[in-house]
Amino acid sequence: VDTNLRTPLDCKLLREARCRKPVIFAASSNENSRYIHEKAEKLRTLGAQVIFVDLFNGRVCLRSVLRKVGEMKEIESVMIEGGASILTAMLKPNLVDLVSNIIVTIAPTFIGGLNSIQELMPAQTDASGKVVPVKWNVQHMCQLGGDVVMCLSKGRE
């Protein structure tokens, strides 16, 4: 997910032959920009797929991204790498129904302070409108260097 196509042309995913080439989702509102159009063509020349999708609240619409990914027969799983903003967005009620398992790596550093993870596990509402937290079951947890890696699956409701 790269709203404004800021992916560097010299990143390893594009330059190293052993790497699978990325699928990059960008904002369709930028599609007619000369810079964005030229950058998309350069990325495609290097092997990336660039797909334009709608915006939602000023960012690439993640629901549109997941729909497009669901149409791609060669993709069986999705890795979304980023910080608290994109992780929080994926776990919000409008998207959490599309998530079955998550693997979270936590570095013991909060960039932006504790406010940066304030809504990390937002609640959902049941049919009556009552707030019900999303429950996740820890399947596996380990320390990797100074980080903690957790494999979680959605709990039964």
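Preceding block: the structure.
Predicted, not measured: the structure shown is a model, and the values here were computed from it.

Parameters and conventions
- Every chain is numbered independently, its residues counted from 1 as its sequence is written.
- Side-chain atom pairs in this predicted model are given and counted only at pLDDT of 80 or more, local residue features only at pLDDT of at least 70, and totals for whole chains, interfaces and linings cover all residues.
- Each side-chain value is derived from all of the structure's non-hydrogen atoms; neither hydrogens nor water enter the calculation.
- Secondary structure follows DSSP: runs of H or I at least 4 residues long count as helices, runs of E at least 2 residues long count as strands, and numbering of each begins at the N terminus.
- Buried residues are those whose accessible area, probed at 1.4 Å on protein chains only, stays under 20% of the maximum for their type, while exposed residues exceed 50% and partly exposed ones sit between those limits.
- Contacts are assigned to residue pairs that have any heavy atoms within 4.5 Å of one another.
- The accessible surface values rely on the Shrake-Rupley method and a 1.4 Å probe; as for residues, cover is taken only from the protein chains in view.
- Pairing between strands is defined by DSSP: at least two bridges between the two strands are required.
- Side-chain atoms within 4.5 Å are what join buried Ala, Val, Leu, Ile, Met, Phe, Trp, Tyr and Cys residues into a set we call a nonpolar core.
- Salt bridge, as used here, is a side-chain nitrogen of Lys or Arg placed within 4 Å of a carboxyl oxygen of Asp or Glu.
- We count Lys and Arg on the positive side and Asp and Glu on the negative side, and we leave His and both chain ends out.
- Each polar contact in these results corresponds to two N or O atoms within 3.5 Å; when the atoms are within protein, one needs to be able to donate a hydrogen and the other to accept it, and residues that are neighboring in sequence are counted only if both atoms are side-chain atoms.
- Helix span, as expected, comes to 1.5 Å for every residue beyond the first.
- Each direction from the helix axis to a C-beta atom contributes to the arc, which is the arc of those directions.

Novice: Now, about the overall build of the protein: what can you tell me, with residues and values included?
Specialist: Secondary structure summary: the protein contains 5 helices and 9 strands in total. Beginning at the N terminus, the succession of helices and strands in the protein can be written as α-β-α-β-β-β-α-α-α-β-β-β-β-β. By residue count, 31% of the 157 residues in the protein fall in the buried class. Partitioning the contacts of the protein with sequence separation of at least 6, the portion at a separation of at least 24 is 59%. Of the roughly 11100 Å² of accessible surface on the protein, a fraction of 52% belongs to carbon and sulfur atoms.

Novice: Before we move on, can you summarise the pairing of strand β2 (residues 49-53) with the specific residues and values?
Specialist: Where burial is concerned, most of β2 is hidden: 4 out of the 5 residues are buried. Direction of pairing for strand β1 (residues 23-27) relative to β2: parallel, over a ladder of 5 bridges. Its bridge partner lying in β2, I24 is registered against V50.

Novice: Run through the nonpolar core, naming residues and quoting values.
Specialist: Judged by nonpolar contacts, the single largest core of 13 residues is most densely connected at M90, I102, W136 and L152. Secondary-structure elements contributing two or more residues to this core are α3 (62-71), α4 (84-90), α5 (93-96), β5 (101-106) and β9 (147-154). Residues in contact with L152, not counting those within four places in the same chain, are N101, I102, V104, W136, N137, V138 and Q139. Grouped together as the second largest cluster of nonpolar side chains are 11 residues, L5, I36, A40 and A48 included.

Novice: Describe the pattern of salt bridges, and please don't skip the residues or the numbers.
Specialist: Scanning all chains against the criterion turns up 3 salt bridges. Between R18 and E16 there is a salt bridge, with its nearest N and O atoms 3.0 Å apart. The class of R18 is exposed, set by a relative accessible area of 70%. Between E38 and R34 there is a salt bridge, with its nearest N and O atoms 2.9 Å apart. Here the residue E38 and the residue R34 both occupy positions in helix α2 (residues 34-45), the gap between them amounting to 4 residues, near one helical turn. Judged by relative accessible area, E38 falls into the partly exposed class, the value being 36%. Its relative accessible area of 68% is what places R34 among the exposed residues.

Novice: Help me get a handle on the side chain of K39, residues and values and all.
Specialist: Secondary-structure assignment places K39 in helix α2. Comment: no salt bridge for buried K39; closest opposite-charge side chain is D2, at 6.0 Å. At a separation of 2.8 Å, a polar atom in the side chain of K39 contacts the main-chain carbonyl oxygen of T7.

Novice: Could you give me a rundown of α2, with the residues and numbers involved?
Specialist: Counted at 1.5 Å a residue, the expected span for α2 with its 12 residues is 16 Å, and the 17 Å between its end C-alpha atoms agrees. Regarding α2, the residues found buried are I36, K39, A40 and L43. Considered in projection along α2, the buried side chains sweep an arc of 105° and stay on one side of the axis. For α2, the exposed residues lying more than 90 degrees away from the buried face are R34 and T45. A positive phi of about 105° marks G47, the residue just after α2.

So, to be careful, I would describe these as geometric facts and stop short of saying anything about function.
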